[in-house]
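Geometric and topological summary
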Amino acid sequence: IYLLPNELLIYITEYLQKKSLQRLTQVSQLFREIASPRYFECVGFKPPIHFEGLSVNHGSCKALPVWRRTNAFMVPSTLWFTASHQTLNAEFKMLDVFFASLGEGSIRRVFLYFFSGPSNVTPSLVSLLESIQQLGCRELYCHGFEWLWRSRHSFTIPTSTCKSRLMRLELCSSLLFSGLAIPFTLKTLQSAPLEKLVLTDTSLTATQWSPFLEPLYLPHL
């Protein structure tokens, strides 16, 4: 089959289903380059052009591991990810692995949209957030999912710090102030050299804000 002209191989991929295309990209570098455009089309993935921003959702993010290993791969300056109620741990882990494979300081801006889900924080989502921060991202935006009730979580200010280069942080979602995400959020606020900070729709009560704001030190704001 390696003796066949590339044009014929490309023609054959037009008749393959999504799973078959994905498997074909794992056979060899040659087949990956031939099958990846058709596979990207099947999952709704649009690679950026000239280092532009990249937009993915729970379906198209499946193409990231394939795209990462193609000759056409380029690190986008901005990434948008839109979650939904269909987003599973597998998608968050896939994004986590993708970010971990990149060099520090490569993606400057990350937008995470949770307007349609998920409804709770999982370890894989927290791991993704930590990978984004460790990557050296300069701007992080998280929007969506506002609870209709007040959060009852109690928390303490973490004494440890984390490596962060975030200069702009927008957390407009109660999801980042709930469950497993609370330690990440508080540690980030304590450690990042923030120059702009937006916190809305946190679902925190005034009683919860008081012990949090008192020791918070933001010298650049």
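You'll find the structure just up there.
Definitions and limits used
Residues numbered from 1 in each chain as written. Predicted model: local features only at pLDDT ≥ 70, side-chain atom pairs only at ≥ 80, totals over all residues. Heavy atoms only, no water. Helix = DSSP H or I, 4+ residues; strand = E, 2+ residues; numbered from the N terminus. Buried < 20%, exposed > 50% of the residue type's maximum accessible area, 1.4 Å probe, protein only. Contact = heavy atoms within 4.5 Å. Areas by Shrake-Rupley, 256 points an atom, 1.4 Å probe, with all protein chains shown as cover. Lys, Arg positive; Asp, Glu negative; His and termini not counted. Charge placed at Lys NZ, Arg CZ, Asp CG, Glu CD. Patch = residues over 30% accessible without salt bridge, like charges linked within 9 Å, V, L, I, M, F, W, Y side chains within 5 Å. Salt bridge = Lys/Arg side-chain N within 4 Å of Asp/Glu carboxyl O. Phe/Tyr/Trp six-rings, centres within 6.5 Å; stacked < 30°, edge-to-face > 60°. Polar contact = N/O pair within 3.5 Å; in protein donor to acceptor, adjacent residues only side chain to side chain.

Looking only at helices and strands, the protein has 8 helices and 6 strands in total. In the protein, the succession of helices and strands from N to C terminus is α-α-α-β-α-β-α-β-α-β-β-α-β-α. Counting over 221 residues, the protein shows a buried share of 46%. Restricting the contact set of the protein to residue pairs at least 6 apart, pairs at least 24 apart contribute 78%. Working note: accessible area of the protein is about 11700 Å², and carbon and sulfur atoms make up 56% of it. Computing the positive centroid from 20 side-chain charges and the negative centroid from 15, the protein places the two 4 Å apart.

The subject of this paragraph is a positive patch on the surface. A contiguous patch of positive charge, built from Lys-18, Lys-19, Arg-23 and Lys-62, is present on the exposed surface. You can see Lys-62 is positioned in the loop between β1 (54–57) and α4 (64–68).

On inspection of all chains with the given rule, the structure shows 13 aromatic pairs. Taking the centre distance of 6.1 Å and the plane angle of 65° together, the rings of Phe-81 and Phe-92 count as edge-to-face. Remark: Phe-92 occurs in helix α5 (residues 89–100) and Phe-81 occurs in strand β2 (residues 78–82); sequence separation between them is 11 residues. Each member of the pair, Phe-81 together with Phe-92, is buried.

The next subject is helix α7 (residues 181–191). Burial of α7 is extensive: 8 of the 11 residues sit out of reach of the surface. The set of residues buried in α7 consists of Ala-181, Ile-182, Phe-184, Thr-185, Leu-186, Thr-188, Leu-189 and Ser-191.

On to the environment of Thr-87. Within the secondary structure, Thr-87 is located in the loop between β2 and α5. Its relative accessible area of 8% is what places Thr-87 among the buried residues. Measuring from C-alpha to C-alpha, the distance between Thr-87 and Thr-13 comes to 28 Å, with 74 residues separating the pair along the chain. Within the local environment of Thr-87, its side chain forms a polar contact with the backbone nitrogen of Ser-84, the two atoms lying 2.8 Å apart.

It is worth spelling out the pattern of salt bridges at this point. Applying the stated criterion across every chain yields a total of 2 salt bridges. Residues Glu-41 and Arg-38 are paired through a salt bridge, measuring 3.5 Å at the closest nitrogen-oxygen approach. Residue Glu-41 and its partner Arg-38 are both found in helix α3 (residues 29–43); the two are separated by 3 residues, about one turn of the helix. When the shortest N-O distance is used, the salt bridge between Glu-170 and Arg-168 registers 2.8 Å. The exposure class assigned to Glu-170 is buried, which follows from its relative accessible area of 12%. Note on Arg-168: relative accessible area 25%, which makes it partly exposed.

What is shown is where atoms sit, not what they do.
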